[in-house]
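Chain residues, written in single-letter form:
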Amino acid sequence: MANTDICTMHQCHLLLGSNQGDRSEFLEQARSALSDLGHVVSTSALYETAAWGLTDQPAFLNQAVCLSTELAPETLLQEILSIELKLGRTRTEKYGPRTIDIDILLYGDHIHQSNTLILPHPELANRRFALTALAEIAGSSIHPVLDCSILTILERCPDPLPVNEFSQ
């Protein structure tokens, strides 16, 4: 008889972003808080990009993170929202400035759609800043809806905004 009590670990790929205050420090605090939700397996370099969506605001620092976690997608989202709140995130304007933003890009090869969460992230293929960081740590991963690698999606990405590796 199979043991159904064995915990299943999920490889989740997240994107961290900040464009207020000490951006690097907010990313560091987010990574630290995420480690309480599982194991941070890998992180990309930091990338600086112009704001996407609402462009009249400071540039963002972004970083992709691979998190191994037992949390289900909706539970992970709730924990992420709690981390954002603790790090001073306020939601007053769509695509507005923020101390921290944490998006779930991929949750393994899982496809999920609810009122609060769509996986894979529905805008991933249109955001060069997300794809560049993600390709660094998961370039050969296959997007479960588009059925091609993250590197291929990056090559086809229509987003013209430059993405530059950030050095402190």
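For the structure itself, consult the block above.
A brief report on the enclosed structure follows. (Residues numbered from 1 in each chain as written. Predicted model: local features only at pLDDT ≥ 70, side-chain atom pairs only at ≥ 80, totals over all residues. Heavy atoms only, no water.)

What follows is about the overall build of the protein. In terms of helices and strands, the protein carries four helices and eight strands. In the protein, the order of α-helices and β-strands from amino to carboxyl end is β-α-β-β-β-α-β-β-β-α-α-β. The C-alpha atoms of the protein give a radius of gyration of 16 Å, which matches the 15 Å a tight globule of 168 residues would have. For the protein, the C-alpha atoms occupy an extent of roughly 60 × 35 × 35 Å along the three principal directions. Buried positions account for 46% of the 168 residues belonging to the protein. Only carbon and sulfur atoms are counted for the fraction: they give 50% of the accessible area of the protein, which is about 8800 Å². Distance between charge centres in the protein, computed from 10 positive and 21 negative side chains, equals 6 Å. (Helix = DSSP H or I, 4+ residues; strand = E, 2+ residues; numbered from the N terminus. Rg over C-alpha atoms; globule rule 2.2 N^0.38 Å. Buried < 20%, exposed > 50% of the residue type's maximum accessible area, 1.4 Å probe, protein only. Areas by Shrake-Rupley, 256 points an atom, 1.4 Å probe, with all protein chains shown as cover. Lys, Arg positive; Asp, Glu negative; His and termini not counted. Charge placed at Lys NZ, Arg CZ, Asp CG, Glu CD.)

Let us look at the environment of glutamine 29. Note that glutamine 29 resides in helix 1 (residues 23–34). By relative accessible area, which is 32% here, glutamine 29 ends up partly exposed. Taking the C-alpha atoms as reference points, glutamine 29 and isoleucine 118, separated by 89 residues in sequence, lie 25 Å from one another.

Attention shifts here to the packing of aromatic side chains. One pass over the full model with this rule turns up zero aromatic pairs. We note arginine 23 situated over the ring of phenylalanine 166; from NZ or CZ to the ring centre the distance is 5.4 Å. (Phe/Tyr/Trp six-rings, centres within 6.5 Å; stacked < 30°, edge-to-face > 60°. Lys NZ or Arg CZ within 6 Å of the ring centre and 35° of its normal.)

As a further point, take a nonpolar patch on the surface. Judged by side-chain polarity, Ile111, Val145 and Leu146 come together as a nonpolar surface patch covering roughly 280 Å² of accessible area. Among the structural elements, isoleucine 111 can be located in the loop between strand 5 (101–107) and strand 6 (112–113). Judged by its relative accessible area of 53%, isoleucine 111 is exposed. (Patch = residues over 30% accessible without salt bridge, like charges linked within 9 Å, V, L, I, M, F, W, Y side chains within 5 Å. Salt bridge = Lys/Arg side-chain N within 4 Å of Asp/Glu carboxyl O.)

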